[in-house]
Each structure stands twice: as C-alpha cells, then as structure tokens.
Amino acid sequence: ILHCLRMSLCPARLLSVVMTLLALAFIPKSVVGKRPPPTNKSTSRSITIINESGSRVEVYWIHPQTREASLMSSPNVMNGATFNLNSFAGHEFEVRELPSVATGVCKSEDQTCHSAFFAVSENDDQTITVHKGIELEFVDDQIKAQREAGELVKECQTKAKERLAAAGTDAAEIQASMDDLVKCVERGVADTLSRANEEIAFQANVRKGMAQFMENYTCTDLELDTSDSLRDETWVSKRDKKPRKVHIMLDRPASKIHVVENFISQQECDAMAEAAQPKLHRATVADGKGGSHFSEHRKAMQAGIKVNWSKEASGDHIAKLSRRVYDYTNHVLDLNIQEHGQEDLMSIQYFGRGENDTAPDRYTPHCDGDCTGLPHKAGTRMATMVMYCTIPELGGHTNFRNAGVHVKPQKGNAIFFSYIDPETLTMDNGFTEHSGCPVFKGEKKIVTQWIRLGVDSENPWDSFNTLGIKRSEAEEEAEL
C-alpha cells in the first residue's frame, strides 16, 4: 500500500479504501468461529464488568453444553458498581436486568427486563460496560489498539484529503500529498511503538526487580510445592513407546519450561552414578572471558560422562538416556539435533549439611546459555534437560524467578527448558534464568544434558569457548 501511495498509483477517489486497508493492518485475525480453547492457566482471563445501565443487574455463567445459567454475582451488581470475575477464553456470560426495588418493574418503556450475552475473548484487559437498555460495550486490548490505529489513520486521512482537494490535477502536488500521507502514518506508528516499547521495558525491569527480591524467600520456603502448569500433555517416545506426562510450565517462542514425569529410570541413574564416581570434582562456572573458574555461587561436585554410542544398540543405559534427551528436544523444537559434537552427560551432586549451614550447596541464579534476546551464536547452548535421581530431604528445588515457575524435585522426573526461538533463532530474554536452591538435608543427585545448536563431529562443543567463539579463532586473536 505504501509503495502504491509513493508512486501515485492509487487514484484520489480510492483514498478512503486505501485508508481502510491501512487500518485493517492493525487489526488482529478474528477468532470468531473457533472452538473455545481448553480451560487451563494459559486461557484464564480477568474480566471487569461496569454497570452504567441505571438498573441493578445479575451476571450468569452459561454452561457450554447444557446452556444452564449459574449466578456469578451475589446478590447483584448495583448501578454504578464494578464487578470483577476470573474466567476462561471462550466462556459465555449473560447480563440480566433486575426490576426496580421501588416499582417492581424494569425501567424500559414496556417495563420488560432485558438481558444480553457476551463471550470472553482470547485477548487481555477485557472490560464490559453495561449501558441503558442492557446494551453491552465490549473492549479488550486488541480493540483498544484497533481504535488507536483508526484514530491515527483518520487524522492522517483528514490532512491528506484537504491537501488533495487543493492540489486539483497538479501531479507534483498530488505526489507530495501522498508522500505526506505516508510520512504521517509512519510517524504515528513510530510514536506508538516507541511508547509501547518504553512501557514493556519498564514492566520488564519491575518484574525482574521483584523476582530478584523474592528469590531468597522462594528458595527458603521448604514447604513450597511445584507451580501450577499452564496445561498438561502426553509425550510418547518413539523408541520405548512409553507415554510420559508433561507439565507445560512456560510456553513462549524463545522460552519453554516443561516438567516430564518418569523420564529417567533407576537403572539409568545407577549407571550414571557408577560412571561418575571416580571422576567427581568441584563444579566450575564460566568466567566471562571464555574460560571457567571456581565460584561460591556454585557449590557442587560434578563429573562429565562420555556416551559410548557403539553400545546403544545393545541397550546401554547411558546411551538410551542420552538418546531420549535428544528425541524430546527435537519433539519440542524440531531442530533435528544430533548427538555428534554435543557435550557429555553431566552427573552433579549437592550435599546437605543441616538447616543451620550458612554456606549450603547451591547454584545461584544464572542462565545456561545466552539470555539476552540476541541472535544465537553457532555452537552454543540452547536447551537443557535436568533429570532427578536422588532427592534431598530438605531443599534442592529449582526456581525460575523471572518466569514465576518453581519446581519441587521428584525422583525420576526431568525439567526440560529451552532458551531459543526455533523459528528466528533468537535467544530467551531472561525467562529461563534459574537457580538450584540450597540443599540443607540429604543429597541431591541430578543428571544434566546441555544441548547445543551448530555442533558436529568436526566442530564439537569443546572447540568453542564459553563465549561461543571457536578456540582456534580466539587464540589467533590473542596472538595478534
């Protein structure tokens, strides 16, 4: 459309049509006619009903199959009052007018009590204003955006019409009018996006500040259970054919957190523990310079275990486990991840020394890969699988503070989290930052697999430093 306007290919009489199309560019696809989504955490919506009808009203939930009405407002919503409720996208409600207490009849001319229906949309910030005659005005964030876009286009349209009327048949002036129209729309869109980005950045800073403040409280609440999931699914491995229940805790393009039940068996845990025993050493962290070092932020013992893929066909427990990790990763991300060049499986152990320990084994908040929202660096991590073998008596939870997700360890379960958008290869922006909460009593033994994108037999994981730079290239730069 913008090209059409710049090149003066759109006749002036079609300006209204063009402006309508510009407005439509801001309108999301309609959800009319879609089957209502399931009732779970991801479809939960908050609704505000404002009664400006001049009468008392009642609000009823309508059963989707039986059409039976259930009263939600008790006893009723007075004129001028606001009523809030929580529901789910696709659910339907009825607003019914009540007779006047003084007269016993409703306030319409024929004294009939009116009613009206509305359905919860999939959008946010939903407000229903009840006007006189029980006329409902429904507004959500998308409708607000559409109205703002319409106002922007209308203002530009008015200016363009005035200039076109004065231009007459002057081709140069018509072209200038079209250019001004385009600039007007572009300026308005740029200003709107700038304000939106500023608000997003402000809210992100507030969210991260609150998450940081709550981190220690969350980790020291030893009675805290696992967060509610958005929804539950079932994954059936194509190899062992076993159905495994999956709790979807976070589901964003570049940030996913799943809890998978019964992912690792006792035999697989035993095999990893046996292989790790003679190799255990103090865990390290990236030093920000391409290497690694010891840190008080990570107190644990670990051992890397190479997978002997030649034994996979004979049922080697470690090979079977590692293959299951890659199968699940591909199930979620569909990136055709192969085992070649990937990191070793890591056996990690934390030990509790009592509730009064002032420096317990733990891993403070960190990201396993980049969590800057920038493009993925070839050869670096983009997903993690943490599998629980031994569960401590007290502590040892995993906390994703920026996502509001807390996971209490369960023997045999696994946490899968990815921090890349598989479509754009853009990294997570901090939602998968996580911590291993302190272990106070007992032992916590986990098996971890960090999964990389862009590695193979010729470019294995250890050919990259912790900054995602090929070691050969980093060494050349150091020599220069």
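Refer to the structure printed above.
As the structure is a computational prediction, the values presented were derived from the model and not from experiment. (Residues numbered from 1 in each chain as written. Predicted model: local features only at pLDDT ≥ 70, side-chain atom pairs only at ≥ 80, totals over all residues. Heavy atoms only, no water.)

Trainee: What exactly am I supposed to notice about the overall build of the protein here?
Mentor: Assigned secondary structure in the protein consists of seven helices and 24 strands. In the protein, buried positions account for 41% of the 480 residues. Pairs at least 24 residues apart make up 68% of the contacts formed inside the protein by residues separated by at least 6 positions. Summed over its atoms, the accessible surface of the protein is roughly 25,900 Å², and 51% of this surface lies on carbon and sulfur atoms. (Helix = DSSP H or I, 4+ residues; strand = E, 2+ residues; numbered from the N terminus. Buried < 20%, exposed > 50% of the residue type's maximum accessible area, 1.4 Å probe, protein only. Contact = heavy atoms within 4.5 Å. Areas by Shrake-Rupley, 256 points an atom, 1.4 Å probe, with all protein chains shown as cover.)

Trainee: What is the right way to read the state of the cysteines from this model?
Mentor: Note: disulfide means a covalent bond formed between the sulfur atoms of two cysteine side chains. This structure, assessed with the given rule, holds three disulfides. For C367, the disulfide goes to C371, at an S-S distance of 2.1 Å. On the S-S bond that ties C367 to C371, the torsion sits near 85°, and the link is right-handed. (Disulfide = S-S within 2.5 Å.)

Trainee: Quick question: what am I supposed to make of the environment of M78 here?
Mentor: Secondary-structure assignment places M78 in the loop between β3 (69–71) and β4 (82–88). Judged by relative accessible area, which is 47%, M78 ranks as partly exposed. Beyond its immediate stretch of four places on either side in the chain, M78 contacts N51, S55 and R56.

Trainee: Could you clarify how one ought to interpret the environment of I174 in this entry?
Mentor: Here I174 lies in helix α4 (residues 171–220). Given the relative accessible area of 25%, I174 is considered partly exposed. Separated by ten residues in sequence, I174 and L164 place their C-alpha atoms 6.1 Å apart. Sequence-distant contacts of I174, that is, excluding residues within four places in its chain, are made with L164, A167, G168 and T169.

Note that all results are geometric; they support no functional claim without further evidence.
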